[in-house]
Amino acid sequence: MSDAAHDRAEAETLPEDDVIAVVLRQHATIRDMLAKVANTAGHARLQAFTELAALIKAHERAEQSVLRPVGADVEGKRSAKARTKEEAAADEALLGLDGLDVDGSDFRDRFEAFRTMVEQHAEAEEEHELAPLRDGVPAEERVRLGQAFLDAVGAPR
Ligand SMILES: [Fe+2]
Ligand SMILES: [Fe+2]
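The rules behind each value
- Residues numbered from 1 in each chain as written.
- Chains lettered and ligands numbered in written order.
- Predicted model: local features only at pLDDT ≥ 70, side-chain atom pairs only at ≥ 80, totals over all residues.
- Axes fitted to C-alpha atoms, helices over the stretch in contact; angles between N-to-C directions.
- Helix = DSSP H or I, 4+ residues; strand = E, 2+ residues; numbered from the N terminus.
- Parallel < 35°, antiparallel > 145°, perpendicular 65-115°, else oblique.
- Left-handed = near helix turned anticlockwise from the far one by under 90°.
- Contact = placed C-beta atoms within 7 Å.
- Nonpolar A, V, L, I, M, F, W, Y, C, P; charged D, E, K, R; others polar.
- Expected span 1.5 Å × (residues − 1).
- Bend = angle between axes of the 7 residues up to and from the residue.
- Buried ≥ 20, exposed ≤ 12 C-beta atoms within 10 Å, placed from the backbone.

Caption draft 1: Geometry of the packing of helix α3 (residues 42-75) against helix α6 (residues 139-153). α6 packs onto α3 with a crossing angle of 150 degrees between their chain directions and a minimal axis gap of 8 Å. In terms of orientation, α3 lies roughly antiparallel with respect to α6. Seen from above, α3 lies across α6 with right-handed handedness. Residues Ala58, His59, Arg61, Ala62, Ser65, Val66, Leu67 and Val70 of α3 pack against Leu145, Ala148, Phe149, Ala152 and Val153 of α6. Tallied by class, residues from the contact of α3 with α6 come to 10 nonpolar, two polar and one charged.

Set out below in structure tokens:
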């Protein structure tokens, strides 16, 4: 079972732009933001949810364009397909949350399920996509991928 602190600690052991570190740090941010949405209410919750939804969309897009093709080479196409399928399910869940009263029980229940889904997805990526990259892809290539990932997310560097 991973958590934000664990993700950040593991990222610290790698070069700054290594794609594994970049993705781990984003997973940590996503985990923190999931908790923030769960633990706030009203306007603050709506704002946190809007930011979270935008980050997750950008993150998954970058994974699909930069990480997935490499992951499919290293770990196999079946795992890559499973991850992309989970991302489609998360997308669907986000659509279901969109426009709901963030303080209503429908939002709360759906968000709880969404949070579990996203956390399990991040863990599956860490185990089946990121871990194999450590041995399967040279460090310089991982840094190049990390920079491409940040460009794809649109994050400042
Ligand atoms: Fe993902
Ligand atoms: Fe991810």
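Caption draft 2: Main features of the environment of glycine 76. Within the element layout of this structure, glycine 76 appears in the loop between α3 and α4 (77-97). With 52 residues separating them along the chain, glycine 76 and histidine 128 place their C-alpha atoms 9.4 Å apart.

Caption draft 3: Main features of helix α5 (residues 105-136). Its 32 residues place the ends of α5 45 Å apart at the C-alpha level, agreeing with the 46 Å of an ideal helix rising 1.5 Å per residue. At glutamate 126, α5 is bent by approximately 35 degrees, the largest bend along its length. Within α5, the full set of buried residues consists of Phe107, Phe111, Phe114, Val118, His121, Ala122, Glu125, Glu129, Leu130 and Leu133.

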